[in-house]
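Observations on the model geometry
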2 protein chains.
Amino acid sequence: MKGAVLYGPKDIRFEDCDDPKIIEPTDAVLRLAATCVCGSDLWPYRGLQPIDGPTHMGHEYCGIVEEVGSAVKSIKPGQFVVGSFATSDNTCPHCQYGYQSACIHREFMLRAQAPFLRVPNADGTLVPTPGGTPSPSLVPSLLAASDVLGTGWFAADAANVKPGGTVVVVGDGAVGLLGVLSAKQMGAGRIIAMSRHESRQKLAREFGATDIVMERGDEGIARIKELTKGIGADSVLECVGTQESMMQAIHATRPGGYVSYVGIPHGVVLDGQKLFFTHVHLHGGPAPVRRFLPKLIDLILDGTIDPGKVFDLTLPLDRVAEGYRAMDERRAIKTLLQV
Amino acid sequence: MKGAVLYGPKDIRFEDCDDPKIIEPTDAVLRLAATCVCGSDLWPYRGLQPIDGPTHMGHEYCGIVEEVGSAVKSIKPGQFVVGSFATSDNTCPHCQYGYQSACIHREFMLRAQAPFLRVPNADGTLVPTPGGTPSPSLVPSLLAASDVLGTGWFAADAANVKPGGTVVVVGDGAVGLLGVLSAKQMGAGRIIAMSRHESRQKLAREFGATDIVMERGDEGIARIKELTKGIGADSVLECVGTQESMMQAIHATRPGGYVSYVGIPHGVVLDGQKLFFTHVHLHGGPAPVRRFLPKLIDLILDGTIDPGKVFDLTLPLDRVAEGYRAMDERRAIKTLLQV
């Protein structure tokens, strides 16, 4: 088969790779229905995160089970499944606490920008869609559940979004936009999206944003304070991962409010004493998507949510390089790759 | 009157000061029943926190109301009251959310190491003891409620201590010891106190510690992991405020667990990416003691808790300098000053 391999900054190639096989008896191999490019893929693509030689890319996936290892019990060939970017046994203590992305057997997925994919710990990682193979029209949303929706949902959950609460979302990438959708589902009363891009503002409003703030940094913080009568927001979702976005999130939050951060921080440093006096709650990390997958799949299948709207560019897999380029240049929010 | 004034490192003087007066109509003036020296007083005492000229000291207090301003409604002369180190109107949005130590009218108390004390925003700050003036034997515990107990209680609350949970307390100062007491009251199943000092270990056990860990740093973390079957603790109370203690707390916590930090951080820097991958919840700040005061006063008056045990040295106020010295040299856990 052929898959996407990153050779260096802005150098993604679609080239021959080994077909995935069952290695451990707990593995499954999937034939993907679709895959996509993640905002986090852009860090190494831009040369902002070092790579150690040519690197297979992709960690978002859904599709049909082709084959399972001898120890796989609940997952069967022919099932349509969605999995997380982090594998999990779903039985260890961390998994039982709902932190499957800290599973003692966690592996971060790679190589999903390809037609076939090996998934370790299949029973604990994969969730079959109830009612068999879903309609192709639902594939983009189910694919989104694999990471970007699950991460946006975790952002809202970790920021303690409650019915009637005031929520700010920092970042208008796909995760931020789906943080808006998640906050709406959790009953937030007011959802302020921080965005400067018209198409993203539009989608944010469609997903439930009640206000748009275009200012950033100190001006952005001042604007949030103004909109919240000087108090600050109850819940702030930091969906970028830079020092500026983190500071914007922390200082837009009221004392006793909640900041979540779900994008891998790059160069972020927190001054303990300053953080202390803000009085915020802080929680984040790689999203435990597996915790939320059954619920998210149900919400998608019954038509309550349509997170697949974040895919505003669809390309065949062999044009993966163009998919990266469009996201890098912010011409696309998120690229879906047809297998 | 005479009060304690810090002139520079290790230079505390007991000298003439102006008698406090009503300045704002919302003020009260108290005749203190007792006051004390705080662990946080040691930062400037040791020269580790700059002072801007001679500085009046003390922020823990309880006593009898001598006089109130014309706008004070609920607090009356003759009442015995306890207040927090941070004043609050108890009506602003931050107060209503339970973060009175972030009140929009907050002032940090000073000058409490003296016989008389002006307290701004008396109605919102002071809590009278039900049933009139308490027995003198209860004064140490009521004084502890003013800061060190309220802060230990907040540490346990902010670390989400739950019935049956595994709790670690980093720091064996008075706040850490009362964090142990608080965790016990909240039903923790296991309370691991990190302490190297025999007298403090003894008090920790008396307050409810089930295990003592003497190791620090990486060895301390390894020991906690060993005691928790490799998982880490559910709740960790960081009651020191140094880089080492903060790292010890964060890395002793399980993914998805809770770290509270209640001592003003000095030189603490957090790496955003490393924090991200620990998956912990982090919450702290100046303790909103006012939120907890009514409950803490009740627990003291009905004999459920005896936090006054942290005072292992009692001196007359004019020997305040010796009180600081004993704490600085760790000969005393906490010094009560008789007025």
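Criteria and thresholds
Per-chain numbering applies: the sequence of each chain, read as written, is numbered from 1 onward. All chains are assigned letters beginning with A, and all ligands numbers beginning with 1, in the order in which they are written. Residue-level local features of this predicted model are given only where pLDDT is at least 70; pairs of side-chain atoms are given and counted only at 80 or more, and the full residue set underlies all totals for whole chains, interfaces and linings. Being paired, for any two strands, means DSSP has found at least two bridges between them. Runs of E in the DSSP output that reach at least two residues are strands. Runs of H or I that reach at least four are helices, and both are numbered from the N terminus. Only C-alpha atoms enter the line fits that serve as axes; for helices the fit covers just the stretch in contact. Angles between N-to-C directions range over 0 to 180 degrees. Orientation labels follow simple angle bins: below 35 degrees gives roughly parallel, above 145 gives roughly antiparallel, 65 to 115 gives roughly perpendicular, and whatever is left gives oblique. Crossings are assigned a handedness: left-handed for a near helix turned anticlockwise from the far helix by less than a right angle, right-handed for a clockwise turn. Note on contacts: residues are paired as contacts if their backbone-placed C-beta atoms lie within 7 Å. In the scheme used here, Gly and all other residues not listed as nonpolar or charged are polar, with Ala, Val, Leu, Ile, Met, Phe, Trp, Tyr, Cys and Pro taken as nonpolar and Asp, Glu, Lys and Arg as charged. With C-beta atoms placed from the backbone, the exposure class of a residue follows from how many other C-beta atoms lie within 10 Å of its own: 20 or more, buried; 12 or fewer, exposed; in between, partly exposed. For the domain bounds, the source is a domain assignment made automatically or taken from a database.

1. Observations regarding the sheet that holds strand E10 (residues 190–194) of chain B
Read across the sheet, twelve strands follow the order E11(A)-E10(A)-E9(A)-E12(A)-E13(A)-E15(A)-E15(B)-E13(B)-E12(B)-E9(B)-E10(B)-E11(B) without closing on themselves; strand pairing throughout is mixed. Unpaired on one side and paired on the other, strand E11 (211–213) of chain A together with strand E11 (211–213) of chain B mark the two borders of the sheet. Strand-to-strand twist across the sheet, computed as the mean angle between neighbouring axes with direction ignored, equals 20 degrees. Two strands pair when backbone bridges link them, and strand E15 (residues 281–284) of chain A and strand E15 (residues 281–284) of chain B are joined in this way by three bridges, in the antiparallel orientation. Note on E15 of chain B: the bridge partner recorded for His281 of chain A is His283 of chain B.

2. A word on the packing of helix H6 (residues 174–185) of chain A against helix H7 (residues 198–207) of chain A
Residues and elements named next belong to chain A. Close contact between H6 and H7 brings their axes to 8 Å; oriented N to C, the two are set at 15 degrees. If you check the angle between H6 and H7, you find them roughly parallel. Crossing angle aside, the handedness with which H6 passes H7 is right-handed. Within the contact between the two elements, H6 uses Leu177, Val180, Leu181 and Lys184 and H7 uses Arg200, Leu203, Ala204 and Phe207. The residue makeup of the contact of H6 with H7, split by class, is six nonpolar, no polar and two charged.

3. Concerning the pairing of strand E3 (residues 28–36) of chain A
Residue and element names in this part refer to chain A. The element E3 is extensively covered by neighbouring structure, given that eight of its nine residues are classed as buried. The pairing of E3 with strand E5 (residues 61–68) spans seven bridges and is classified as antiparallel. Its bridge partner lying in E5, Leu30 is registered against Val65. Sheet topology note: the E3/strand E17 (residues 335–338) ladder contains three bridges and is antiparallel. Its bridge partner being in E17, Thr35 is matched across the sheet by Leu337.

4. A look at helix H5 (residues 148–158) of chain A
Residues and elements named next belong to chain A. In terms of burial, H5 is largely enclosed, as eleven of its eleven residues are buried. Along H5, the positions that sit buried rather than exposed are Val148, Leu149, Gly150, Thr151, Gly152, Trp153, Phe154, Ala155, Ala156, Asp157 and Ala158. Of the residues one or two after H5, Asn160 is the one with positive phi, at around 60 degrees.

5. Things to note about the domain arrangement of chain A
Residues and elements named next belong to chain A. In terms of domain boundaries, chain A breaks down into domain 1 (2–147 + 288–338) and domain 2 (151–284). Relative to domain 2, the C-alpha centre of domain 1 lies at a distance of 26 Å. Listed by partner, the interface residues are 16 residues for domain 1 and 14 residues for domain 2. With three residues, helix H11 (residues 289–301) is the largest single contributor of residues to the side of domain 1 that touches domain 2. By residue class, the composition of the side of domain 1 that touches domain 2 is eleven nonpolar, two polar and three charged.

6. A closer look at the environment of Lys2 of chain B
All names here are of chain B. The topology assignment puts Lys2 in strand E1 (residues 2–8). Exposure remark for Lys2: the 15 C-beta atoms within 10 Å place this residue in the partly exposed category. Sequence separation between Lys2 and Leu317 is 315 residues; the distance between their C-alpha atoms is 9.1 Å. Discounting chain neighbours no more than four positions away, the residues touching Lys2 are Phe14, Glu15, Asp16 and Cys17.

7. So, the sheet that holds E1 of chain B
Residues and elements named next belong to chain B. Read from one edge of the open sheet, three strands run E2-E1-E4, paired in antiparallel fashion. Bordering the open sheet on either side are strand E2 (11–16) and strand E4 (55–56), each of which pairs with just one other strand. Where E1 lies against E4, two bridges are found, and the strand directions are antiparallel. What sits directly across from Val5, in E4, is His56. Against the sheet, helix H12 (residues 320–328) contacts E1 and E2, and its axis sits at roughly 160 degrees relative to E2.

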